[in-house]
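Coordinates in review
The residues making up each chain are set out below.
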Amino acid sequence: MNAAVRAAVRRGWELGLEPIGIRRGYAGLIENDMTPLTPRDVGGVIEYGGTFLHTARCPAFLTEEGQKQALETIEREGLEALIVIGGEGSLSGARWLAKQGVPVVGLPASIDNDIRGTDMAIGVDTALNTVVWALNRIRDTALAHERVFLVEVMGRKSGYIALMGGLAGGAEIVLVPEVEVSLAQVAQEVSAGYRKGKHHSIVVVAEGVTDQLGSTHKIADFIRQETGLEVRVTVLGHLQRGGSPTAFDRILGSRLGARAAEDVAARRFGHMVALRKGELAPVPLSEVGRKEIAIDLALYELVHSLGK
Ligand code: F6P
């Protein structure tokens, strides 16, 4: 996200805008916590994960009172346009603001990659590379001890990180909320791998699967009981949400941020700037939401055929 803010500020200045950074997202809008940003203020930020403006889950923005305060800040401070960077929650906030007549441009940022209208969101590639980094290390110990490893990754209701991380990391099995499987099937698949001469098994578990199958530890207990193999669990958690962004993410953030500033300067509003087939494209905020199926089912087949 830092790359996007940097690009929006620098391109904005070039186009005669006066960028202001709002700290902690909608919370900062409600509490009037903001600061002018010059091109020098965004120096040296591109290599850092997260956002130097900070961010926040903001339940207050879902209340009438909070929304009223946010609109008042926009009015009082004379903000002429807003660039909102975030996931489905932030973008539905942007959609609401647009409906109230606020000039808004949205940018997709969520490691879950479940935002409808865009092929990729800021942060996805960095998170995926962290998953691959972790799987490489876990495989060493899995192989040495001939163990089964369950690696739980983030993604909320989306199996994107699990599937793509599993594919890139050479996992044997990937469990995603988009595809229903039984615990018995998972245990059978693991056993089948060992019978075919494998000395380990890596099962990537999307956190959203635990609604269907129970916790990752419960899945591990079942596999242990059914197969008699040694099973271990690693939960990657917030490791996936930090670290120096990959080149892909820096380029994506820079392109999106610059385009958002260009749209503001040209007074084009009410859309999210999306990445579609490698090109930037505006998608009306009214069409932006959460993708019900965030994965390519053909790739789900592929990861399992390659993991056999
Ligand atoms: O939506 C992004 C995400 O990282 C999800 O993958 C994860 O479930 C959630 O946020 C974690 O939220 P928090 O950092 O608030 O615990």
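Just so we're clear, the structure is a prediction, and the values are computed from it rather than from any experiment.

Once that is clear, we can look at the domain arrangement of the protein chain. When the parts come together, some accessible area is lost, and that loss is often what is quoted as the size of the interface. We note that the domain assignment places domain 1 (2-123 + 245-287) and domain 2 (125-241) within the protein chain. Facing 11 residues of domain 1, the contacting portion of domain 2 comprises 12 residues. Surface buried jointly by domain 1 and domain 2 totals about 1,000 Å² across both partners, of which 51% is contributed by carbon and sulfur atoms. The interface formed by domain 1 and domain 2 contains 1 salt bridge. Of the charged contacts, one joins Asp-112 and Arg-156 as a salt bridge, the two residues approaching to 3.7 Å between their closest N and O atoms. Connecting domain 1 to domain 2 are 7 residue pairs in polar contact (both at pLDDT 80 or more). Across the side of domain 1 that touches domain 2, the residue classes tally to 4 nonpolar, 3 polar and 4 charged.

Moving on: the sheet that holds strand β8 (residues 231-235). Taken together, 4 strands build an open sheet; the order of strands is β6-β7-β5-β8 and the sheet is parallel. With one partner strand each, in any of the chains shown, β6 (173-175) and β8 form the two edges of the open sheet. Across this sheet, the average inter-strand angle for adjacent strands is 20°, counted without regard to direction. Helix α6 (residues 160-169) contacts β5 (148-153), β6 and β7 (201-206) of the sheet and is inclined by roughly 170° relative to β6. Of the strands in this sheet, β5, β6 and β7 are in contact with helix α7 (residues 183-195), which crosses β6 at around 170°.

Looking now at the packing of aromatic side chains. Aromatic ring pairs: the centre-centre distance and the angle between the two ring planes describe each pair. Under the criterion given, the structure shown has 2 aromatic pairs. On the basis of an interplanar angle of 5° and a centroid distance of 4.0 Å, the ring pair of Tyr-26 and Phe-61 is categorised as stacked. Placement of Tyr-26 in helix α2 (residues 25-31) and of Phe-61 in the loop between β2 (34-36) and α3 (64-76) is noted, with a sequence separation of 35 residues between them. Judged by its relative accessible area of 12%, Tyr-26 is buried. Given a relative accessible area of 5%, Phe-61 falls into the buried group.

Moving on to the nonpolar core. Core analysis: the largest hydrophobic core is formed by 84 residues, its most contacted members being Leu-29, Leu-150, Leu-175 and Ile-219. Sorting elements by how many residues they give to this core places helix α5 (residues 124-145) first, with 8 residues. For this core, the two domains that each supply at least three residues are domain 1 (2-123 + 245-287) and domain 2 (125-241). Among all residues touching Leu-150, those that are not within four sequence positions of it are Val-203, Val-205, Thr-216, Ile-219, Ala-220, Ile-223, Val-231, Arg-232, Val-233 and Thr-234. Counting 6 residues, the second-largest nonpolar core is a separate cluster that includes Val-5, Val-9, Leu-37 and Val-45.

Moving on, we come to the packing of helix α1 (residues 2-14) against helix α10 (residues 247-265). To describe two helices that pack against each other, one gives the angle between their axes and the distance between the axes. Interhelical geometry of α1 versus α10 gives an angle of 35° and a closest axis separation of 7 Å. For the pair α1 and α10, the crossing hand works out as right-handed. Contact with α1, carried on its side by Ala-3, Ala-4, Ala-7, Ala-8, Arg-11 and Gly-12, involves Arg-250, Gly-253, Ser-254, Gly-257, Ala-258, Ala-261 and Glu-262 of α10 and no other residues of that element. A breakdown of the residues in the contact of α1 with α10 according to their chemical character gives 6 nonpolar, 4 polar and 3 charged.

Under the 1.5 Å per step criterion, the end-to-end length of α3 is 18 Å for 13 residues, consistent within 8% with the ideal 18 Å. Within α3, burial applies to Gly-66, Gln-67, Ala-70, Thr-73 and Ile-74. The buried residues of α3 all sit within an arc of 120° when viewed along its axis, so they share a single face. When the buried face of α3 is taken as reference, the exposed residues oriented beyond 90 degrees from it are Glu-64, Glu-75 and Arg-76.

The rules we used
- Residues numbered from 1 in each chain as written.
- Predicted model: local features only at pLDDT ≥ 70, side-chain atom pairs only at ≥ 80, totals over all residues.
- Heavy atoms only, no water.
- Domains from an automatic or database assignment.
- Contact = heavy atoms within 4.5 Å.
- Buried area = accessible area lost by both parts, 1.4 Å probe.
- Salt bridge = Lys/Arg side-chain N within 4 Å of Asp/Glu carboxyl O.
- Polar contact = N/O pair within 3.5 Å; in protein donor to acceptor, adjacent residues only side chain to side chain.
- Nonpolar A, V, L, I, M, F, W, Y, C, P; charged D, E, K, R; others polar.
- Pairing = 2+ DSSP bridges.
- Helix = DSSP H or I, 4+ residues; strand = E, 2+ residues; numbered from the N terminus.
- Axes fitted to C-alpha atoms, helices over the stretch in contact; angles between N-to-C directions.
- Phe/Tyr/Trp six-rings, centres within 6.5 Å; stacked < 30°, edge-to-face > 60°.
- Buried < 20%, exposed > 50% of the residue type's maximum accessible area, 1.4 Å probe, protein only.
- Core = buried A, V, L, I, M, F, W, Y, C linked by side-chain atoms within 4.5 Å.
- Left-handed = near helix turned anticlockwise from the far one by under 90°.
- Expected span 1.5 Å × (residues − 1).
- Arc of directions from axis to C-beta.

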